[in-house]
Amino acid sequence: MITEKAALQQLEKWWPKVLRAGLEQADYFPRSLSRIGKPKQKDWIENFEQVRSAQEQWLKRSQPYKSKGWSLSWEERDYRSIGRNRFIHSIDVATLEDYLYLLKREQAYAQVMADAAMIAGEIPGLQLWCIASPLDVESHHTQWNELLKVVRYFMEEHRPGQYYIRELPLDIPTKFIETHKRLLISLLDEVLPGSRINDQFRGVRHFEQRYGLKYRQPMVRLRLMDVYLADQYFSGVQDLALPLDALAQLKLTVRRAIILENKTNYTNLMNLLTLPQAKETIGIFGSGFGVGALSEVAWLSEVELFYWGDIDAHGLQILSRLRAHHPHVRPFLMDEQTLKVFAEYVRYDAPYSPAASLPGLNNKEKALFEELNARQMRLEQEHIPLDYVKQILEALF
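Attention here is on the structure that accompanies the text. (Residues numbered from 1 in each chain as written. Predicted model: local features only at pLDDT ≥ 70, side-chain atom pairs only at ≥ 80, totals over all residues. Heavy atoms only, no water.)

Quick word on the pattern of salt bridges
No. 1: Applying the stated criterion across every chain yields a total of 19 salt bridges.
No. 2: With a closest N to O distance of 2.7 Å, Glu-12 and Arg-105 form a salt bridge. Of the two residues, Glu-12 is situated in helix H1 (residues 4-23) and Arg-105 in the loop between helix H4 (96-103) and helix H5 (106-122); the sequence distance between them amounts to 93 residues.
No. 3: Relative accessible area serves as the criterion here: at 37%, Glu-12 is assigned to the partly exposed category.
No. 4: Glu-280 serves as the salt-bridge partner of Arg-255, at 3.7 Å between the closest nitrogen and oxygen. Within this pair, whereas Arg-255 is found in the loop between helix H13 (244-249) and strand S6 (256-260), its partner Glu-280 is found in the loop between helix H14 (269-273) and strand S7 (281-286), the two being separated by 25 residues in sequence.
No. 5: Given a relative accessible area of 44%, Arg-255 falls into the partly exposed group.
No. 6: Its relative accessible area of 21% is what places Glu-280 among the partly exposed residues.
No. 7: When salt bridges that share partners are traced, they join Asp-189, Asp-199, Arg-202 and Arg-210 into one network. (Salt bridge = Lys/Arg side-chain N within 4 Å of Asp/Glu carboxyl O. Helix = DSSP H or I, 4+ residues; strand = E, 2+ residues; numbered from the N terminus. Buried < 20%, exposed > 50% of the residue type's maximum accessible area, 1.4 Å probe, protein only.)

See below:
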């Protein structure tokens with residue numbers, strides 16, 4: 001027969017539903033335990049004393065021997081060898097009061113009910129959220145004053161792009177929002193209209209972007225391939241880095257730009273730094289951002305745009321994604337001719353790509369993708385000599 005420890009473990013699993021029923025003012029009890037290990041006929045006959053002892057222990061810890069707690073339902077049966085006996089048919093919890101007594105949760109339950117009432121009283125739009133998330137109501141008991149301050153601010157005062165997360169005009173600890181992002185996402189999504197939420201951004205890492213806060217921009221490294229541009233705008237500096245939003249605001253007399261794949265180990269940084277001179281042309285190298293971030297740089301749609309990545313399945317996937325925002329982008333040194341010229345540097349250990357559709361590629365590029373992927377081929381851009389790069393640039397420009 002089930003032990004009391006195992007029985008209490010079952011009650012623990014009921015806790016979220018008990019809280020939810022309380023918040024909905026619904027009845028959850030009476031309720032019976034499942035899988036109580038009722039003795040079978042063979043057990044009664046062969047282990048009669050052991051079974052009877054287990055039942056007596058349950059009898060002593062249940063009503064009416066105890067004023068609150070377990071209730072037992074009994075069933076009688078006749079056996080030729082041991083006569084007529086009764087055994088426990090079910091172990092029940094008759095009332096909410098009995099349940100809370102058994103788990104020693106009277107105070108915790110009352111606190112959740114009080115906190116939920118306070119939350120819904122302050123912000124009625126969170127009433128259904130409390131019912132759906134009673135464990136969050138419970139686990140943040142000591143933080144609700146600060147949490148509701150934050151929610152009310154975003155509902156009533158917030159203006160997109162005005163503040164960084166730590167400078168919001170709220171009387172709360174500096175890092176409070178950062179340490180409660182997961183919960184705040186759940187709360188804000190419940191009460192804010194869709195027009196106030198940028199649904200392109202999800203998860204804790206993108207909290208600021210989702211709710212219109214200023215955030216630390218990824219840095220973009222530029223190579224001005226035209227000395228005149230460098231002299232005119234940056235006092236002759238040709239290699240510089242600036243935040244992504246600053247890049248979007250640049251007003252340069254640029255005719256073309258070359259985007260270089262930003263590898264995590266920066267092994268191709270020299271490709272940017274050694275780009276040859278070309279009139280009204282810049283090179284763009286991202287330090288840790290994906291090409292999708294360049295969708296925010298509107299002026300790239302007004303210039304000739306090239307993408308230079310490795311000749312492998314991954315490189316062509318990036319090209320396809322980049323075209324979702326800048327459909328006019330052209331591949332640079334990412335074709336079959338380049339692959340043949342530098343065949344000695346081709347490797348066959350590139351990761352296989354499961355991509356089923358690449359809508360940004362034309363038919364010729366798709367065919368190249370399929371060949372590269374099937375054979376796991378890769379030609380890294382670092383293996384292409386500078387002289388060859390200059391030759392192709394001169395032909396293009």
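Let's pick the thread back up.
Concerning the pairing of strand S8 (residues 304-308)
No. 1: Most of S8 sits out of view: four of its five residues are buried.
No. 2: Relative to S8, S6 is paired through five bridges, and the arrangement is parallel. Looking at the pairing, Leu-260 lines up with Trp-308 of S8.
No. 3: Judged from the two bridges that link them, S8 and strand S9 (residues 330-331) form a sheet pairing that is parallel. (Pairing = 2+ DSSP bridges.)

Details of the environment of Ser-133
No. 1: Tracing the sequence through the fold places Ser-133 in the loop between helix H6 (127-132) and helix H7 (134-139).
No. 2: Accessibility expressed as a relative area gives 16% for Ser-133, which makes it buried.

Comments concerning H1
No. 1: Under the 1.5 Å per step criterion, the end-to-end length of H1 is 28 Å for 20 residues, consistent within 8% with the ideal 28 Å.
No. 2: At Trp-14, H1 is bent by approximately 45 degrees, the largest bend along its length, and proline Pro-16 sits one to four residues beyond.
No. 3: Among the residues of H1, Ala-7, Gln-10, Leu-11, Trp-14, Trp-15, Val-18, Leu-19, Ala-21, Gly-22 and Leu-23 are the ones counted as buried.
No. 4: Within two residues after H1, Gln-25 carries a phi angle of roughly 55 degrees, on the positive side. (Expected span 1.5 Å × (residues − 1). Bend = angle between axes of the 7 residues up to and from the residue.)

Points about unusual backbone geometry
No. 1: Cis geometry marks the peptide bond from Phe-29 to Pro-30; its omega dihedral reads 5 degrees.
No. 2: Here the residue pair Gln-63 and Pro-64 is connected by a cis peptide bond, since its omega of 10 degrees sits within 30 degrees of zero.
No. 3: Note that Pro-64 resides in the loop between helix H3 (48-60) and strand S2 (70-79).
No. 4: In this structure, Gln-25 takes a positive phi of about 55 degrees despite not being glycine.
No. 5: One can find Gln-25 in the loop between H1 and strand S1 (31-32).

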